[in-house]
Amino acid sequence: MGILSGNPKDEPLHYGEVFAMFTHLSVNNGMISGYQTMINHAGDGDLKKLMEEAIKSLQAENQQLEELLKSNGVGLPPAPPARPNANLEDIPVGARSTDPEISAAISADTAAGLVACSQAIGQAVREDVAMMYGQFHMNKAQFGAKMLKLNKEKGWLIPPPLHYPKGTES
């Protein structure tokens, strides 16, 4: 039996897996803090619910990432403290982020997360790491679909120019 056969949890992580998980955890920590701040700026209730869902999902990912990194002797990146709640009306109008801006940022983060998860799956040697990132990817894809639906329903989606083949314009 070789070093990379048997129970994946008994196999060593390679540097790429460690880097992907450490970076993922660090980025999630920043997004959680940022989303907690953005909730204070959001006025739309549906957007706030999705932001809370995103935070819970990121925290759940972090729990898995921390457990795996710790069990392999890897130190964890620092996490900023939780952000306090604030009243939207206490934030000056010119200093507020708008709901469409917040939604676009979260949508972009979700798209980037899909790419990062795909890359981590592709470079993984341990099956448990690949499966974990497959789960993260599926969750992000489902969340991204919810964000797309919200953006369309609220009129916040700004599509690129639409392409119609010649002679089919309506």
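Just so we're clear, the structure is a prediction, and the values are computed from it rather than from any experiment. (Residues numbered from 1 in each chain as written. Predicted model: local features only at pLDDT ≥ 70, side-chain atom pairs only at ≥ 80, totals over all residues. Heavy atoms only, no water.)

1. Description of helix H2 (residues 45-71)
With 27 residues, H2 should reach 39 Å at 1.5 Å per residue; the first-to-last C-alpha distance of 39 Å fits that figure. Burial in H2 covers these residues: Leu47, Leu50, Met51, Ala54, Ile55, Leu58, Glu61, Asn62, Leu65, Leu68 and Leu69. Where the residues of H2 are buried, they touch helix H1 (15-41), helix H3 (99-123) and helix H4 (127-154). Just downstream of H2, Gly73 is the residue with a positive phi angle, here 75°. (Helix = DSSP H or I, 4+ residues; strand = E, 2+ residues; numbered from the N terminus. Expected span 1.5 Å × (residues − 1). Buried < 20%, exposed > 50% of the residue type's maximum accessible area, 1.4 Å probe, protein only. Contact = heavy atoms within 4.5 Å.)

2. Things to note about the pattern of salt bridges
Here the structure, examined in full by the defined rule, presents 7 salt bridges. Between Asp46 and Lys154 there is a salt bridge, and its shortest N-O distance comes to 3.0 Å. Of the two residues, Asp46 is situated in helix H2 and Lys154 in helix H4; the sequence distance between them amounts to 108 residues. With a relative accessible area of 37%, Asp46 lands in the partly exposed category. The salt bridge involving Asp128 is made with Arg126; its shortest N-O contact spans 2.6 Å. Neither residue differs from the other here; Asp128 and Arg126 are each classed as buried. (Salt bridge = Lys/Arg side-chain N within 4 Å of Asp/Glu carboxyl O.)

3. Observations regarding the packing of H1 against H3
Axis separation between H1 and H3 bottoms out at 12 Å; the angle between their running directions is 170°. Judged by the inter-axis angle, H1 sits roughly antiparallel to H3. On H3, the residues that touch Gly16, Glu17, Ala20, Met31, Tyr35, Met38 and His41 of H1 are Asp99, Ile102, Ile106, Asp109, Ala120 and Gln123. Split by residue class, the contact of H1 with H3 holds 7 nonpolar, 3 polar and 3 charged. (Axes fitted to C-alpha atoms, helices over the stretch in contact; angles between N-to-C directions. Parallel < 35°, antiparallel > 145°, perpendicular 65-115°, else oblique. Nonpolar A, V, L, I, M, F, W, Y, C, P; charged D, E, K, R; others polar.)

4. A short note on the packing of aromatic side chains
Both the distance between ring centres and the angle between the ring planes are used here to describe each pair of aromatic rings. Under the defined criterion, the tally for this structure stands at 1 aromatic pair. Aromatic side chains Tyr133 and Phe136 sit 5.4 Å apart centroid to centroid with 80° between the ring planes, which places their arrangement in the edge-to-face category. You can see Tyr133 and its partner Phe136 sitting in helix H4, 3 residues apart, about one turn around the helix. (Phe/Tyr/Trp six-rings, centres within 6.5 Å; stacked < 30°, edge-to-face > 60°.)

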